[in-house]
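Architecture and fold: a report
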Amino acid sequence: MRPVRTWSPGNTDTMPATLERDPEEIEYVLRKARENDVKFIRLWFTDILGSLKGLAVTVEELEIALTRGMNFDGSSIEGFARYRETDMYALPDPTTFSLLPWRPKTNAVARMFCDLITPTGEPFEGDPRAVLRRNLERASKLGYTYYVAPELEYFYFKDSDGVEFLDEAGYFDQNPQDLATNLRRETVLTLEDLEIPVVYSHHEVAPSQHEIDLRHTDALTMADTVMTCRVVIKEVAVSQGCYATFMPKPVYGINGSGMHTHQSLSNGNGNAFHDPDDPDRLSQEAKWFIAGLLRHAPEITAITNQWVNSYKRLVRSPDDAPLGYEAPVYVSWANVNRSDLVRVPTFKEGREESRRIEYRAPDPACNPYLAFSVMLAAGLEGIEKQYELPPAAETNVFDMTDEQRRDAGISTLPRSLEEAVAATERSDLVRNALGDHVFESFIHNKKVEWDRYSMQVTDYEIDRHLADL
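The sections below set out a description of the structure shown in this document. (Residues numbered from 1 in each chain as written. Predicted model: local features only at pLDDT ≥ 70, side-chain atom pairs only at ≥ 80, totals over all residues. Heavy atoms only, no water.)

**As for the pattern of salt bridges**
As a working rule, side chains carrying opposite charge can pair if their charged atoms are close by. Summed over all chains, the structure comprises 22 salt bridges. The closest approach of N and O atoms between Asp115 and Arg129, which form a salt bridge, is 2.9 Å. In this pair, Asp115 sits in strand 6 (residues 108-117) while Arg129 sits in helix 3 (residues 128-141), placing the two residues 14 residues apart along the sequence. Under the relative-accessibility criterion, Asp115 is labelled buried at 2%. Residue classification places Arg129 among the buried positions, given a relative accessible area of 3%. The salt bridge involving Arg138 is made with Glu384; its shortest N-O contact spans 2.4 Å. Residue Arg138 is found in helix 3, and its partner Glu384 is found in helix 8 (residues 368-385); the two are separated by 246 residues along the sequence. Under the relative-accessibility criterion, Arg138 is labelled partly exposed at 24%. You can call Glu384 partly exposed: its relative accessible area is 43%. (Salt bridge = Lys/Arg side-chain N within 4 Å of Asp/Glu carboxyl O. Helix = DSSP H or I, 4+ residues; strand = E, 2+ residues; numbered from the N terminus. Buried < 20%, exposed > 50% of the residue type's maximum accessible area, 1.4 Å probe, protein only.)

**Quick look at the packing of helix 6 (residues 284-304) against helix 8**
With their axes 6 Å apart at the nearest point, helix 6 and helix 8 run at an angle of 140 degrees to one another. The orientation of helix 6 with respect to helix 8, classified from their angle, is oblique. In terms of crossing hand, the pair formed by helix 6 and helix 8 is right-handed. Side by side, helix 6 and helix 8 meet where Glu285, Trp288, Phe289, Gly292, Leu293, His296, Ile300, Ile303 and Thr304 of the first sit next to Leu370, Ala371, Val374, Met375, Leu376, Ala378, Gly379, Leu380, Glu381, Gly382 and Ile383 of the second. A per-class count over the contact of helix 6 with helix 8 returns 13 nonpolar, five polar and two charged. (Axes fitted to C-alpha atoms, helices over the stretch in contact; angles between N-to-C directions. Parallel < 35°, antiparallel > 145°, perpendicular 65-115°, else oblique. Left-handed = near helix turned anticlockwise from the far one by under 90°. Contact = heavy atoms within 4.5 Å. Nonpolar A, V, L, I, M, F, W, Y, C, P; charged D, E, K, R; others polar.)

**Examining the side chain of Ser427**
Its location among the elements puts Ser427 in the loop between helix 10 (417-425) and helix 11 (428-434). A polar contact is formed between the side chain of Ser427 and the backbone nitrogen of Leu429, at a distance of 3.3 Å. Side-chain polar atoms of Ser427 contact the backbone nitrogen of Val430, separated by 3.0 Å. Setting aside chain neighbours within four positions, we find Ser427 in contact with Glu299 and Phe439. (Polar contact = N/O pair within 3.5 Å; in protein donor to acceptor, adjacent residues only side chain to side chain.)

**Here's the deal with the side chain of Ser416**
Inspection of the secondary structure assignment puts Ser416 in the loop between helix 9 (402-407) and helix 10. When residues no more than four places from it in sequence are discounted, the contact partners of Ser416 are Tyr311 and Trp450.

**So, the pairing of strand 8 (residues 198-203)**
Here five bridges tie strand 8 to strand 9 (residues 209-214), and the two strands are oriented antiparallel to one another. Residue pairing for strand 9: Tyr200 is matched across the bridge by Asp213. Here strand 8 folds back onto strand 9, and the loop between the two strands holds five residues, one of which, Ser208, carries a positive phi near 65 degrees. (Pairing = 2+ DSSP bridges.)

**Regarding the nonpolar core**
Counting residues in each nonpolar core, the largest one holds 96 residues, and the members touching the most others are Tyr146, Leu265 and Phe372. At 12 residues, the largest contribution of residues to this core is made by helix 5 (residues 219-239). Ignoring anything within four residues of it in the chain, the contact list for Phe372 reads Leu132, Tyr146, Val148, Pro150, Ala219, Met222, Ala223, Val226, Met259 and Thr261. Counting residues in each nonpolar core, the second largest holds 24 residues, with Ala33, Leu43, Phe45 and Leu66 among its members. (Core = buried A, V, L, I, M, F, W, Y, C linked by side-chain atoms within 4.5 Å.)

**A few points about unusual backbone geometry**
The backbone phi angle of Asp37 is positive, close to 55 degrees, even though this residue is not glycine. By the element assignment, Asp37 lies in the loop between helix 1 (23-35) and strand 1 (38-46). Assessed through its relative accessible area of 37%, Asp37 is described here as partly exposed.

**Looking at helix 1**
The first and last C-alpha atoms of helix 1 sit 18 Å apart over 13 residues, in line with the 18 Å expected at 1.5 Å per residue. Looking at the packing, one finds that the buried side of helix 1 touches strand 1, helix 2 (62-68) and strand 6. Residue Asp22 occupies the N-cap position of helix 1, its side-chain oxygen lying 2.9 Å from the main-chain nitrogen of Glu24. Directly beyond the C-terminal end of helix 1, a positive phi value near 55 degrees is found at Asp37. (Expected span 1.5 Å × (residues − 1).)

**Quick notes on helix 3**
The end-to-end C-alpha distance of helix 3 is 20 Å, a good match for the 20 Å that 14 residues give at a rise of 1.5 Å each. Among all positions of helix 3, only Pro128, Arg129, Ala130, Val131, Leu132, Asn135, Leu136 and Ala139 are buried. Here helix 3 starts with a cap whose side-chain oxygen sits 3.1 Å from the backbone nitrogen of Arg129, and that cap is Asp127.

Structure below.
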C-alpha cells in the first residue's frame, strides 16, 4: 500500500492512497450512468448508530463527486463532529454503483456508498466505513482477509403504528397465499437486480418473522450490503402498503430478531479456519479466533446489540414456554448446538472453503461496520495472543444449573444496555478497534439513551402496581 499523502478537495493527484479512485472505475460509472439514463445519484453513508444518511446529486455533478467529493455539514450527523469539526466530504466509492430497481427507468436513480474525508483529505476518524477499513487493514497485515455472511431476521407488520402480524405462520412454513411470502419473494428479486446474492430466504419461528441469508463476501462489501438490504426490505414492504422492522424484540412472548454472523478468515493457502488433520476440521487459528470472541464477548455486546430493546431479545424464555427463544445468553461454544453464543456448523467433506464459525449475538439493528469491526478485533486478539479455547459445551447450556455453568466457567452476556455499555467503556480492545472519536461518541450516546429509558414509566409497571400500591 502506498503511503497516505495530503490531499485537498479538487486535487485528485494527491488523494490519500487508501481512498484513491481508479480512473477506469470512474469512467465505468460515468458510462453506466449515461447508458441507463441516470439522472440522480444517491450518495450513502451512515452515522455511528448505523442510520443511513446521504445526499443526492444530479448526473451533471457526478464526475465532480467522484473526483473531489461532495461537501456537507457534519455537525448535523449523530456522533460525527466535535466543536469546529463541521465540514466533511462524501467521496463516492465507484465500486458500489448500482441502479435502484424500485425507481423509474426514465431519469433513473443510482446509489453509491461513500468514504468520508476531512477538508485536508484525510479519512474522517468518525466514519464507520473508515473504522472497518482500519480493522481490515490490521487483518491484512497479519495475512488475512475477513469474510462474513449474516442472516438477517425481521418482522412484517400491517403498519408502523402497531404490531399487527401479516401472517400466523411458523418456521419454514410455505403458504403462497400469504402477502408476507410474496413480499419476501419480491425482496430477493430486487436484491438480485442489485447484484446482491441471496443464499436462501424463509419464514422464521415467530408469526410474521422472516429471514434472508446473504452469500458470504468480504466484510466491507457485506457491511454495504446489509445497509442496502435494510433499505430494500423496507421499500418492498412500503410498496405493498405494509411495514418491515429490524427492531430486535418488537413483540413480547415470541422470538426476537437476530443477525447471526458466519465468519471466516482466508490466507494465501485458502480458508485459514480449515485443518484436514483436526478431528473437527477446525484449525488452530479458528480455535484462537473463537476464544477471542468468547473472552471479549461482554465488552463487544454494546456494539453488536446497541439498543435498549436489544436486551429484551438476549434473555431466557419463560420456564413454561413450549420453545426457547434461541437467542444466546451464555458465553459458550459448541459444534452444531444452537443454544450457544458461538456455533461451529457441521463440516461436509469437499467443502473446505466453507469452514466457518457463527457468532449468534448480533441483531439486525446494529451498525454493521462497527459490529464487524469489533468481532474481527476480538478474533484477531485471540489469534495474536493465542487464547486457550475452553471446552465445548456438551449439553444445552440452558438446561444446566447455575452451579454447573459456574463450574464449567460459562459466564453470561450483559443483561441490559447499561451493563453492556459499562463493559464496553472499560474495554481497550473496543477503544482500539473503533478509535477514540467513535468510541467516545458511541459511549456518550448510549449513556444518554439509557438515562432516557430509565425515566420512562412502562405499561408493565402501571399494570403491575397502580392498583396495589
